[in-house]
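Observations on chain architecture
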Amino acid sequence: MRFLVVSLFILFLSGCVITKQPAEPLAMPLKPNLKSQTYQLEYETTHSSPKVKSVQLPAHKVIKNQTVKIISDKASLTDTLLSQISQALNDKALKVTTKNNSDYVLTIQQLDLSFTDDTKYLIKQPQKPFSFYTEVAQQYPIQQCATIFAQVSMRLTHKKSGDIVWFAKSSIDSASFHREPLVYSFNEEQKITNELEVVAFIHQQNTEEARLARLGKEIQIPSYKTLSKLSSLTKLTGPCNLTEISALTPMMQFYLSSILIDKIKVQ
């Protein structure tokens, strides 16, 4: 009887030794801090000064406080531009009138606006280029913007004699008028590319069979892999599309008109 008890005790101890304890479950590794940053790109183009031609003939002197009537039968003159031209004449010490007995008649002959070839803006290298600037510059080397060419011409006629006293013409393109660089922004965002791979590895290694198999072994958990993704460009400043450029035309016409009127020599 005593022999039987001892035998059973030995068998019990043997069973305890044979039974293996599985390895501890693996925990998910901590994710890296993902970088998100915004950058800016600037584009610029060459500009031209307005082309201006002004000729004043000596037949009649234009004297301060003489009256001028504005006629715009050949051009579509808005009320705003009419008011601006009137103010420019007043600043030259000439009086604007609607009466027919004026000393002079200012005829607005031309107020032309026409779309021309797009203006190309080239990327400008920043003073401190970011690490992947070359890559971005190769992808977005230029920007093309709608362009309007504006022309204004006028003449001043002595009312009594009908003599032309002064005539002038000016023109400019929209890019040379506003002279703003184009500024774009884009984002760099890091993303984990192998998250599913890491999750699947942890899940597989935490099965009972895998935990028993890796008992006493070192397991290398796959590291997270990251990839930087760049967003598309978003314009921050500078007129470029058709709507933005078209909105400049009233200011362009006033600018050219004021240049011309300033050329009138008043004594």
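Each remark here, short or long, concerns the structure printed above.
Residues numbered from 1 in each chain as written. Predicted model: local features only at pLDDT ≥ 70, side-chain atom pairs only at ≥ 80, totals over all residues. Heavy atoms only, no water.

**Some words on a nonpolar patch on the surface**
A cluster of nonpolar side chains, contributed by Leu57, Ile164 and Phe167, occupies part of the molecular surface with about 230 Å² of accessible area. As for its position among the elements, phenylalanine 167 is in strand β7 (residues 164-173). The class for phenylalanine 167 is partly exposed, based on a relative accessible area of 34%. (Patch = residues over 30% accessible without salt bridge, like charges linked within 9 Å, V, L, I, M, F, W, Y side chains within 5 Å. Areas by Shrake-Rupley, 256 points an atom, 1.4 Å probe, with all protein chains shown as cover. Salt bridge = Lys/Arg side-chain N within 4 Å of Asp/Glu carboxyl O. Helix = DSSP H or I, 4+ residues; strand = E, 2+ residues; numbered from the N terminus. Buried < 20%, exposed > 50% of the residue type's maximum accessible area, 1.4 Å probe, protein only.)

**A closer look at the state of the cysteines**
One pass over the structure, following the stated rule, counts one disulfide. Bridging cysteine 145 to cysteine 240, the disulfide has an S-S length of 2.1 Å. Between cysteine 145 and cysteine 240, the disulfide has an S-S torsion of -100° and is therefore left-handed. Linking cysteine 145 in strand β6 (residues 142-158) with cysteine 240 in the loop between β10 (234-237) and α7 (242-246), this pair joins segments that are 95 residues apart in sequence. For the pair formed by cysteine 145 and cysteine 240, the shared burial category is buried. (Disulfide = S-S within 2.5 Å.)

**Thoughts on the packing of aromatic side chains**
This model, assessed by the stated rule, comprises nine aromatic pairs. Note on phenylalanine 130 and phenylalanine 186: the rings are 5.8 Å apart at their centroids and 65° apart in plane angle, and the pair reads as edge-to-face. Of this pair, phenylalanine 130 sits in the loop between β5 (104-124) and α3 (133-139) while phenylalanine 186 sits in strand β8 (residues 182-192), and the two are 56 residues apart along the sequence. Overall, the relative accessible area of 14% leaves phenylalanine 130 in the buried class. By relative accessible area, phenylalanine 186 is classed as buried at 2%. One aromatic cluster is present, formed by Tyr39, Phe130, Phe132, Tyr133 and Phe186 through successive ring pairs. (Phe/Tyr/Trp six-rings, centres within 6.5 Å; stacked < 30°, edge-to-face > 60°.)

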